[in-house]
Amino acid sequence: AQKITQTQPGMFVQEKEAVTLDCTYDTSDQSYGLFWYKQPSSGEMIFLIYQGSYDEQNATEGRYSLNFQKARKSANLVISASQLGDSAMYFCAMRNYGQNFVFGPGTRLSVLP
Amino acid sequence: NAGVMQNPRHLVRRRGQEARLRCSPMKGHSHVYWYRQLPEEGLKFMVYLQKENIIDESGMPKERFSAEFPKEGPSILRIQQVVRGDSAAYFCASSPILPGQPNNEQFFGPGTRLTVL
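Our subject in this report is the structure included herewith. (Residues numbered from 1 in each chain as written. Chains lettered and ligands numbered in written order. Predicted model: local features only at pLDDT ≥ 70, side-chain atom pairs only at ≥ 80, totals over all residues. Heavy atoms only, no water.)

**Description of the overall build of chain B**
Counting secondary structure elements, chain B contains zero helices and 11 strands. Over its C-alpha trace chain B gives a radius of gyration of 14 Å, about what one expects of a compact globule, namely 13 Å for 117 residues. Here the analysis covers contacts within chain B between residues at least 6 apart in sequence; of these, 53% occur between residues at least 24 apart. Total accessible area computed for chain B in this model is approximately 5,900 Å², and 48% of it derives from carbon and sulfur atoms. (Helix = DSSP H or I, 4+ residues; strand = E, 2+ residues; numbered from the N terminus. Rg over C-alpha atoms; globule rule 2.2 N^0.38 Å. Contact = heavy atoms within 4.5 Å. Areas by Shrake-Rupley, 256 points an atom, 1.4 Å probe, with all protein chains shown as cover.)

**Points about the side chain of Gln-39 of chain A**
Mapped onto the elements, Gln-39 of chain A comes out in strand S5 (residues 32-39). Overall, the relative accessible area of 8% leaves Gln-39 of chain A in the buried class. Here the side chain of Gln-39 of chain A touches Gly-43 of chain A through a polar contact of 2.9 Å, landing on its backbone oxygen. When near neighbours in sequence (up to four residues on either side) are disregarded, Gln-39 of chain A contacts Glu-44, Met-45, Ala-88, Met-89 and Phe-91 of chain A together with Gln-37 and Phe-91 of chain B. (Buried < 20%, exposed > 50% of the residue type's maximum accessible area, 1.4 Å probe, protein only. Polar contact = N/O pair within 3.5 Å; in protein donor to acceptor, adjacent residues only side chain to side chain.)

**A closer look at the interface of chain B and chain A**
Taken together, the contact between chain B and chain A spans 23 residues of the former and 23 residues of the latter. Of the roughly 1,700 Å² buried where chain B meets chain A, counting both sides, 53% is carbon and sulfur surface. For the pair chain B and chain A, the number of links is one salt bridge. Note that Glu-40 of chain B and Arg-108 of chain A form a salt bridge whose closest N and O atoms lie 3.4 Å from each other. The tally of links from chain B across to chain A stands at three residue pairs in polar contact (both at pLDDT 80 or more). Elements represented by at least two residues in the side of chain B that touches chain A include exactly strand S4 (31-37) and strand S5 (43-50) of chain B. Taken together, the residues of the side of chain B that touches chain A break down into 10 nonpolar, seven polar and six charged. (Buried area = accessible area lost by both parts, 1.4 Å probe. Salt bridge = Lys/Arg side-chain N within 4 Å of Asp/Glu carboxyl O. Nonpolar A, V, L, I, M, F, W, Y, C, P; charged D, E, K, R; others polar.)

**Details of the environment of Val-4 of chain B**
All names here are of chain B. Mapped onto the secondary structure, Val-4 falls in the segment before strand S1 (5-7). A sequence separation of 57 residues divides Val-4 from Pro-61, and the C-alpha atoms of the two residues are 24 Å apart. If we skip the residues at most four places from it in the chain, Val-4 touches Cys-23, Ser-24, Pro-25, Met-26, Cys-92, Ser-94, Phe-107, Phe-108, Gly-109 and Pro-110.

**Focus: the layout of surface pockets**
If you add up the space inside the largest pocket, you get close to 260 Å³. Lining the largest pocket are 16 residues, with Gln-39, Met-89 and Arg-108 of chain A together with Gln-37 and Glu-40 of chain B positioned closest to its centre. Per element, the largest residue contribution to the lining of the largest pocket is three residues, and it comes from strand S10 (residues 88-96) of chain A. Tallied by class, the residues present in the lining of the largest pocket amount to seven nonpolar, five polar and four charged. (1 Å grid on protein atoms, 1.4 Å probe; cavity = no way out; pocket = protein on both sides within 12 Å on 5 of 7 lines; lining within 4 Å. Points joined across faces, edges and corners; volume = space filled by probe spheres on them.)

**Structural notes on the pairing of strand S8 (residues 75-79) of chain B**
Residue and element names in this part refer to chain B. Burial analysis of S8 places four of its five residues in the buried class, the great majority of the element. Pairing of strand S3 (residues 19-24) with S8, which is carried by five bridges, proceeds in the antiparallel orientation. In the sheet register, Leu-21 faces S8, and the bridge partner there is Leu-77. By the bridge criterion, four bridges tie strand S7 (residues 65-68) to S8 in an arrangement that is antiparallel. Bridge pairing in S8 links Glu-68 to Ile-76. (Pairing = 2+ DSSP bridges.)

**Focus on the sheet that holds S1 of chain B**
Residue and element names in this part refer to chain B. Pairing within the open sheet is antiparallel, and its four strands lie in the order S1-S3-S8-S7. Of all strands in the sheet, those with a lone pairing partner are S1 and S7, marking the two edges. Each strand axis lies, on average, 15 degrees off the axis of its neighbour in the sheet, ignoring direction. (Axes fitted to C-alpha atoms, helices over the stretch in contact; angles between N-to-C directions.)

Pasting the structure below:
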């Protein structure tokens with residue numbers, strides 16, 4: 001069965017600094033996708049970034065980058081130049097071929113002024 | 001192009017009543033997924049539907065919960081005889097292409113927050 005682990009229930013970062021949110025996954029499939037979503041206090045789920053298991057380069061989207069280490073089965077999210085508006089819950093998710101999303105328990109990020 | 005729509009945004013029910021949650025996918029999307037989020041937890045998959053078909057309901061509780069996605073109209077998640085443990089946020093997501101592709105992003109609605117008194 002697929003599983004996502006996020007070991008940091010909460011993280012603090014100073015405004016304008018970079019922060020890494022950890023995510024490890026477990027799957028026996030060769031083809032899968034890894035996603036990060038942001039959930040602000042208003043509750044909506046906002047897609048941030050995607051990494052495919054066969055992608056050779058780490059995904060980047062603006063201030064977000066995904067540090068993909070396939071051998072370690074990790075897909076950490078790096079947020080550069082943190083902003084106050086980045087304070088939110090962050091969920092790592094995975095989906096395998098033909099299957100549905102599996103979400104991690106989330107990490108609550110607080111950006112300090 | 002409107003996103004995924006869910007209504008109501010907030011729903012309050014007393015124990016034993018029925019809850020009906022609606023989801024209108026994005027235009028052109030024919031795949032709908034329902035997830036449940038308990039407080040301080042991640043989203044848990046419940047059911048995946050295409051028009052008039054339930055494809056995967058492995059995450060649905062065996063009793064009191066049902067889902068449909070008719071040919072016309074929104075997808076409905078129905079909870080009969082609600083109990084306090086049903087209090088949660090229920091998210092709907094839609095996608096445009098077959099789920100067989102791992103990079104198939106799902107677009108989420110704003111969620112319905114159900115409170116059972």
